[in-house]
Amino acid sequence: MIEIKVRTASRVEARSITGEVAQAVKNKEGSAVSLFVPHTTCGLLINEDADPAVIGDILDALNRLVPRSHSYKHAEGNADAHIKSSLIGHSLLVPFSDGSLVLGTWQGIFLMEFDGPRERKVQISVLK
Amino acid sequence: MIEIKVRTASRVEARSITGEVAQAVKNKEGSAVSLFVPHTTCGLLINEDADPAVIGDILDALNRLVPRSHSYKHAEGNADAHIKSSLIGHSLLVPFSDGSLVLGTWQGIFLMEFDGPRERKVQISVLK
Amino acid sequence: MIEIKVRTASRVEARSITGEVAQAVKNKEGSAVSLFVPHTTCGLLINEDADPAVIGDILDALNRLVPRSHSYKHAEGNADAHIKSSLIGHSLLVPFSDGSLVLGTWQGIFLMEFDGPRERKVQISVLK
């Protein structure tokens, strides 16, 4: 298992980690790459990494669906982050071939921070 | 890696691909099948493939949560499709045993088109 | 493939299954654990298993986004459960190392029941 660390800079942020992941698995052997965040207030997402407005719209939509301020029971002020990460998910599986990630033309891999800034870990395994 | 192509016929459509996927992996060896769409405006979903009203209700709910018309920043008119695919996800992992997909009685695998009609690819790997 | 059975007690319920899953894969060899529910009205989620208010807030948010009562087309009275399970997902991939699940400090694995009480199955495979 390979672990990379990502330092986020804001409470809510979509950080492209495609380059770091590609570098971490470069020339390894296997047929898929498993990505996992061992956290409960951030997630992993694949979406467009060309026009940054796309990820902005995704974050805005999550904020409309799950507002930060609401009468949540969890008293730490980050209940919305737990809910948003539940909708986005904490794991991803990306095809892998000839030592490289097989991503679509417009796809990037994002760490979706919902309760930063923090140092986050991404755990990477290459599956046979 | 096996790739199948799916031509969708509408802007929004749930296309059952269970049969094509089962055929593509038939008699291969492994313990799980990884499915992945290399796109950013369609997704992959498992749900009921018996009463078509179920998938209709799922598509309706996504449209209520993420309307097509809204003041999105992304100017190509398909921001809702990027958001919907983010909620549904771009990958699936299905158990595999004795050369067959292990799906529940009511389960089917759907390609969820949110910005068609287009030709879509599904990348399939059998994991050990 | 290993199968565990989980009997849920309410219509809607988040059942921690971390212990059962850890026991089922203990000392096996592999680099990731695939979990799958062969159902269409329950899901699998990773989130905080310390303060139960967190999972309560997640269930409440899903109920706000997808109310049980609505003019759904599916006539069995559980359309909301199909939609909620579509948002949460039916599979998970958890890193595995030295015979143990690699989960974050606060993470637990939950079976998310949206149409119980029922007996549910969770299918577990250890991937190489």
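Residues numbered from 1 in each chain as written. Chains lettered and ligands numbered in written order. Predicted model: local features only at pLDDT ≥ 70, side-chain atom pairs only at ≥ 80, totals over all residues. Heavy atoms only, no water.

Quick look at the overall build of chain A
- A count of helices and strands for chain A gives 3 helices and 8 strands.
- Over its C-alpha trace chain A gives a radius of gyration of 15 Å, about what one expects of a compact globule, namely 14 Å for 128 residues.
- The C-alpha extent of chain A, read off along each of the three principal axes, is 50 × 30 × 20 Å.
- Considering only residue pairs separated by 6 or more positions, chain A has 83% of its internal contacts joining residues 24 or more positions apart. (Helix = DSSP H or I, 4+ residues; strand = E, 2+ residues; numbered from the N terminus. Rg over C-alpha atoms; globule rule 2.2 N^0.38 Å. Contact = heavy atoms within 4.5 Å.)

Observations concerning the pattern of salt bridges
- Taken as a whole and judged by the stated rule, the model has 21 salt bridges over all chains.
- Taking the shortest distance from any N to any O, the salt bridge between Glu113(A) and Arg120(A) comes out at 2.7 Å. A single burial state applies to Glu113(A) and to Arg120(A), both of which are buried.
- Its salt-bridge partner being Lys84(C), residue Asp80(C) comes within 2.9 Å of it at the nearest N-O pair. Note that Asp80(C) and Lys84(C) are positioned in helix 3 (residues 79–88) at a spacing of 4 residues, about one turn of the helix. Each member of the pair, Asp80(C) together with Lys84(C), is buried. (Salt bridge = Lys/Arg side-chain N within 4 Å of Asp/Glu carboxyl O. Buried < 20%, exposed > 50% of the residue type's maximum accessible area, 1.4 Å probe, protein only.)

Focus on the relation of the copies chain B and chain C
- Superposition of chain B onto chain C requires a rotation of 120° combined with a translation of 0.0 Å along the rotation axis, giving an RMSD of 0.0 Å. In short, the pair behaves as if placed about a three-fold rotation axis.
- The two copies present different faces, since only 17% of the interface residues in chain B are matched by interface residues at the equivalent positions in chain C. (Least-squares fit on C-alpha atoms with pLDDT ≥ 70 in both.)

Things to note about the interface of chain A and chain B
- At the junction of the two partners, chain A supplies 29 residues and chain B supplies 26 residues.
- Counting the surface lost from both chain A and chain B, the interface buries some 2200 Å², and carbon and sulfur atoms represent 63% of this.
- Counting every contact that joins chain A to chain B gives 1 salt bridge.
- Between the two partners, chain A and chain B, sit 13 residue pairs in polar contact (both at pLDDT 80 or more).
- Looking at the side of chain A that touches chain B, the elements with two or more residues in it are strand 4 (42–48), helix 2 (52–65), helix 3 (79–88) and strand 5 (91–97) of chain A.
- Ranked by residue count, the leading element in the side of chain A that touches chain B is helix 2 of chain A, at 10 residues.
- When the residues that make up the side of chain A that touches chain B are grouped by side-chain class, the tally is 18 nonpolar, 5 polar and 6 charged. (Buried area = accessible area lost by both parts, 1.4 Å probe. Polar contact = N/O pair within 3.5 Å; in protein donor to acceptor, adjacent residues only side chain to side chain. Nonpolar A, V, L, I, M, F, W, Y, C, P; charged D, E, K, R; others polar.)

Topic: the packing of helix 2 (residues 52–65) of chain B against helix 3 of chain C
- Direction vectors running N to C along helix 2 of chain B and helix 3 of chain C enclose 65°, while the axes themselves pass 9 Å from each other. Put simply, helix 2 of chain B runs roughly perpendicular to helix 3 of chain C. Crossing geometry of helix 2 of chain B relative to helix 3 of chain C is assigned as right-handed. For the pair helix 2 of chain B and helix 3 of chain C, the contacting residues are Val54(B), Asp57(B), Ile58(B), Ala61(B), Leu62(B) and Leu65(B) in the first and Ala79(C), His82(C), Ile83(C), Ser86(C) and Leu87(C) in the second.
- For the contact of helix 2 of chain B with helix 3 of chain C, a count of residues per class yields 8 nonpolar, 2 polar and 1 charged. (Axes fitted to C-alpha atoms, helices over the stretch in contact; angles between N-to-C directions. Parallel < 35°, antiparallel > 145°, perpendicular 65-115°, else oblique. Left-handed = near helix turned anticlockwise from the far one by under 90°.)

A word on the interface of chain B and chain C
- Contacts between chain B and chain C engage 29 residues on the former and 26 residues on the latter.
- Surface buried jointly by chain B and chain C totals about 2200 Å² across both partners, of which 63% is contributed by carbon and sulfur atoms.
- At the junction of chain B and chain C, the tally comes to 1 salt bridge.
- Here Asp60(B) ties to Lys73(C) by a salt bridge, and the two come within 3.1 Å at their closest N and O atoms.
- There are 13 residue pairs in polar contact (both at pLDDT 80 or more) connecting chain B and chain C.
- Ranked by the residues each element gives to the side of chain B that touches chain C, the list is headed by helix 2 of chain B, at 10 residues.
- When grouped by side-chain class, the residues that make up the side of chain B that touches chain C number 18 nonpolar, 5 polar and 6 charged.

Some remarks on the confidence of the model for chain A
- Averaged over all residues, the pLDDT of chain A is 97; the fraction at 70 or higher stands at 100%.
- Of the two predicted TM-score estimates for the complex, the pTM is 0.97 and the ipTM is 0.96. (pLDDT = per-residue confidence, 0-100.)

A few points about the relation of the copies chain A and chain B
- When chain A is fitted onto chain B, the two copies agree to an RMSD of 0.0 Å after a turn of 120° and an axial shift of 0.0 Å.
- Comparing contact sets, just 17% of the residues at the interface of chain A also lie at the interface in chain B, consistent with a heterologous contact between different surfaces.

Some remarks on the pairing of strand 3 (residues 32–36) of chain A
Residue and element names in this part refer to chain A.
- A large share of strand 3 lies buried, amounting to 5 of its 5 residues.
- Because side chains alternate across strand 3, one face comprises the buried residues Ala 32, Ser 34 and Phe 36, and the other comprises Val 33 and Leu 35, equally buried.
- Sheet analysis places strand 3 next to strand 8 (residues 119–127), joined by 5 bridges and oriented antiparallel. For Val 33, the partnering residue across the bridge sits in strand 8 and is Val 126. (Pairing = 2+ DSSP bridges.)

Considering the sheet that holds strand 4 of chain A
Residue and element names in this part refer to chain A.
- Here we have 3 strands laid out as an open sheet, ordered 2-7-4, and antiparallel in their pairing. Each edge of the open sheet carries a strand with a single partner, namely strand 2 (13–16) and strand 4. In this sheet, neighbouring strand axes are inclined to one another by 35° on average, regardless of whether the strands run parallel or antiparallel.
- Strands in contact with helix 2 are strand 2, strand 4 and strand 7 (107–113); relative to strand 4, the strand with the most contacts, it is inclined by about 135°.

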